[in-house]
Amino acid sequence: MKNPRYQQTLRPVCITGTGSFVPDRIMTNQDLEKIVDTTDQWILDRTGIRERRIAGEQEFTSTMGAEAARRALADAGVSPEEVDLIIVATITPDMVFPNTACYVQEAIGATHAFCFDLEAACSGFLYGLEVAEQFVSSGRVDTVLLIGAEKISSITDWSDRSLCILFGDGAGAAVIQSREDATGILASSLKSDGGLASLLQLPAGGSRLPASMETVAQKLHYMKMDGREVFKHAVTCMTTAAKDALSQCGLTMEDIALVIPHQANMRIIKAIGDRLGGDREKYFVNLDRYGNTSAASVIVALDEAARSGRLHPGDKVLMIAFGGGFVWGATILEWSKA
Ligand code: ACO
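Residues numbered from 1 in each chain as written. Predicted model: local features only at pLDDT ≥ 70, side-chain atom pairs only at ≥ 80, totals over all residues. Heavy atoms only, no water.

Draft legend 1. Seen up close, the overall build of the protein chain. A count of helices and strands for the protein chain gives 11 helices and 13 strands. The globule rule puts the C-alpha radius of gyration for 338 residues at 20 Å, and the 19 Å found for the protein chain is close to it. The C-alpha extent of the protein chain, read off along each of the three principal axes, is 65 × 45 × 40 Å. Buried residues in the protein chain amount to 54% of all 338 residues. (Helix = DSSP H or I, 4+ residues; strand = E, 2+ residues; numbered from the N terminus. Rg over C-alpha atoms; globule rule 2.2 N^0.38 Å. Buried < 20%, exposed > 50% of the residue type's maximum accessible area, 1.4 Å probe, protein only.)

In structure tokens form, the structure reads like this:
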């Protein structure tokens, strides 16, 4: 007899609620002028970033993620007890273990959920969405709470002017469920290239280079990046992934109502826009206010787009991301929330 566990028909998967949270503290480019040798004009011209949010000492990835989660659950009309699975996408977990999703579970009272973290750098939300889709479409669980949250300021070298200007803290969350009348996710193209790991990484503190007096003295617990190389790969990879996702579902940029690109650099978004085409107004941008929030970037932008009336039922949304690994991808979904 066939195992009944594998007889489930796949169900359409959609986002039924979103939420986001950013810390109150604003760090402007002018504030950075006082810390490193830079100018507001240089940062604005090279990145498009004006300011970013910085978490307080008592704000962690889990506390920001929990607040975003509460807002997403309220938006979806789902209680914490109804959540079956919590996934936190992050490169700045509260601790190496326990996983940050467990801290979020405790904070919001999602007593029935099982919890794990997912590490795919700035592509964390898209990778998490792919994982959530498998769980929900198969019927294995009904409700996934997917969170992208980062306290990037905790791994930032505040003396490195090429890096500290780029990033910010924040969190976003989405409730992923099945709705019979939803179209759901139309296409996704996820890719990785471990051969390029050295271009963007945090070298120490893991099993490869455990923490020691030397690693701390050499500032190896901070992010390291070859900005120019990352820039080039980010543009090529995100463009290719977006084209692949479009061709998978037979759509063109004309069919896309809104593009949610990873909020890393305005010049990267413009370069992708040049290659993909489509009306520039379709490209959602909030990096001027938040900088690059890594795994939180796409979901915070999606939440802001939804709350500001930029998304309507039936709209096709293209989300694109790229991060350290390298890991990148593009996902197209049909928005079903009124
Ligand atoms: N202020 C003033 N000058 C600066 C600053 C600064 N903050 N930072 C660097 N410079 C200088 C450099 O020292 C260099 O000077 P030099 O010519 O005398 O050597 C000059 O500016 C040009 O430096 P470049 O690195 O070539 O500048 P570039 O135009 O490439 O811009 C930047 C740098 C903004 C980092 C860009 O390369 C970039 O955005 N890269 C992608 C980074 C990114 O998005 N990473 C994240 C994606 S993945 C993830 O999110 C984890």
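More follows now that the structure is in view.
Draft legend 2. Representation of helix α5 (residues 124–137). Compared with an ideal rise of 1.5 Å per residue, which puts 14 residues at 20 Å, α5 spans 20 Å between its outermost C-alpha atoms and is within 8% of the ideal. For α5, the buried fraction is high: 10 of the 14 residues fall into the buried class. Looking only at α5, the buried set comprises G124, F125, L126, Y127, G128, L129, A132, E133, V136 and S137. With its phi angle positive at about 85 degrees, G139 sits one or two positions after the end of α5. (Expected span 1.5 Å × (residues − 1).)

Draft legend 3. Local environment of the environment of S336. In this fold, S336 is placed in the segment after β13 (327–334). Assessed through its relative accessible area of 34%, S336 is described here as partly exposed. Sequence spacing of S336 and G323 is 13 residues, and the spatial spacing of their C-alpha atoms is 28 Å. Dropping the residues within four chain positions of it, S336 is found in contact with C14, I15, A182 and P313. (Contact = heavy atoms within 4.5 Å.)

Draft legend 4. Inspection of the pattern of salt bridges at higher detail. On inspection of all chains with the given rule, the structure shows 12 salt bridges. Notably, a salt bridge pairs D274 with R280, separated by 3.1 Å at the nearest N-O pair. For D274, a relative accessible area of 55% puts it in the exposed group. By relative accessible area, which is 40% here, R280 ends up partly exposed. It is possible to trace a salt-bridge network through shared partners that takes in E67, R70 and R71. (Salt bridge = Lys/Arg side-chain N within 4 Å of Asp/Glu carboxyl O.)

Draft legend 5. Up close: a negative patch on the surface. A cluster of acidic residues, E254, D255, D279 and E281, forms a negative patch on the protein surface. Residue position: D255 is located in the loop between α8 (227–248) and β11 (258–261). (Patch = residues over 30% accessible without salt bridge, like charges linked within 9 Å, V, L, I, M, F, W, Y side chains within 5 Å. Areas by Shrake-Rupley, 256 points an atom, 1.4 Å probe, with all protein chains shown as cover. Lys, Arg positive; Asp, Glu negative; His and termini not counted. Charge placed at Lys NZ, Arg CZ, Asp CG, Glu CD.)

Draft legend 6. Layout of the nonpolar core. Ranked by size, the top nonpolar core spans 45 residues in total, and within it M253, I256, L276, L318, I320 and F322 carry the most contacts. When contributions to this core are tallied by element, the ones reaching two or more residues are α6 (161–164), α8, α9 (266–276), β12 (316–323) and β13. Take this core: its biggest share by element is 9 residues, from α8. With residues near it in sequence (within four places) discarded, L276 still touches T239, A242, K243, M253, Y283, L318 and I320. Among the nonpolar cores identified, the runner-up in size contains 36 residues, and L129, V136, I176 and V327 belong to it. (Core = buried A, V, L, I, M, F, W, Y, C linked by side-chain atoms within 4.5 Å.)

Draft legend 7. Examining the packing of α8 against α9 more closely. Interaxial distance between α8 and α9 falls to 9 Å at its minimum, and their mutual angle equals 40 degrees. One element, α8, and the other, α9, form an angle in the oblique class. Considering the relative orientation of α8 and α9, their crossing is right-handed. Seen from α8, the contacting residues are F231, A234, V235, M238, T239, A242 and K243; seen from α9, they are R267, I268, A271, I272, R275 and L276. Split into classes, the residues belonging to the contact of α8 with α9 amount to 9 nonpolar, 1 polar and 3 charged. (Axes fitted to C-alpha atoms, helices over the stretch in contact; angles between N-to-C directions. Parallel < 35°, antiparallel > 145°, perpendicular 65-115°, else oblique. Left-handed = near helix turned anticlockwise from the far one by under 90°. Nonpolar A, V, L, I, M, F, W, Y, C, P; charged D, E, K, R; others polar.)

Draft legend 8. Representation of the state of the cysteines. Throughout the structure, instances matching the rule amount to 0 disulfides. Of all cysteine sulfurs, the one in C102 lies closest to C115, which takes part in no disulfide; the gap is 4.6 Å. No disulfide involves C249; its sulfur sits 17 Å from that of C14, the nearest cysteine. (Disulfide = S-S within 2.5 Å.)

Draft legend 9. Spatial organisation of the sheet that holds β11. Spatial ordering of the open sheet is given by β8-β13-β12-β11, a layout of 4 strands whose pairing is mixed. In the strand order of this sheet, the two ends are held by β8 (184–192) and β11, each with one partner. Across the sheet, the mean angle from the axis of one strand to that of its neighbour is 10 degrees, orientation sign disregarded. Looking at chain direction, β11 and β12 are connected through 4 bridges and run parallel. Counterpart to P261 in the pairing with β12 is I320. Lying over the sheet, α5 contacts β8, β12 and β13, oriented at roughly 125 degrees with respect to β8. (Pairing = 2+ DSSP bridges.)

Draft legend 10. Representation of the site of the ligand. Every one of the 23 residues lining the ligand counts as a neighbour, but R46, C122, R228, N265 and N292 are closest to it. W42 is positioned such that a nitrogen or oxygen atom in its side chain is 3.4 Å from a nitrogen atom of the ligand. Within the side chain of R46, one N or O atom sits 2.6 Å away from an oxygen atom of the ligand. About the coverage of the ligand: the protein hides 77% of its 1000 Å² of free accessible area. Of all the secondary-structure elements, those providing two or more residues to the shell around the ligand are α2 (40–47), α6, α8, α9 and β12. In terms of residue count, α8 provides more of the shell around the ligand than any other element does, 4 residues in total. Grouping the constituent residues of the shell around the ligand by class yields 10 nonpolar, 8 polar and 5 charged. (Near = heavy atom within 4 Å. Polar contact = N/O pair within 3.5 Å; in protein donor to acceptor, adjacent residues only side chain to side chain.)

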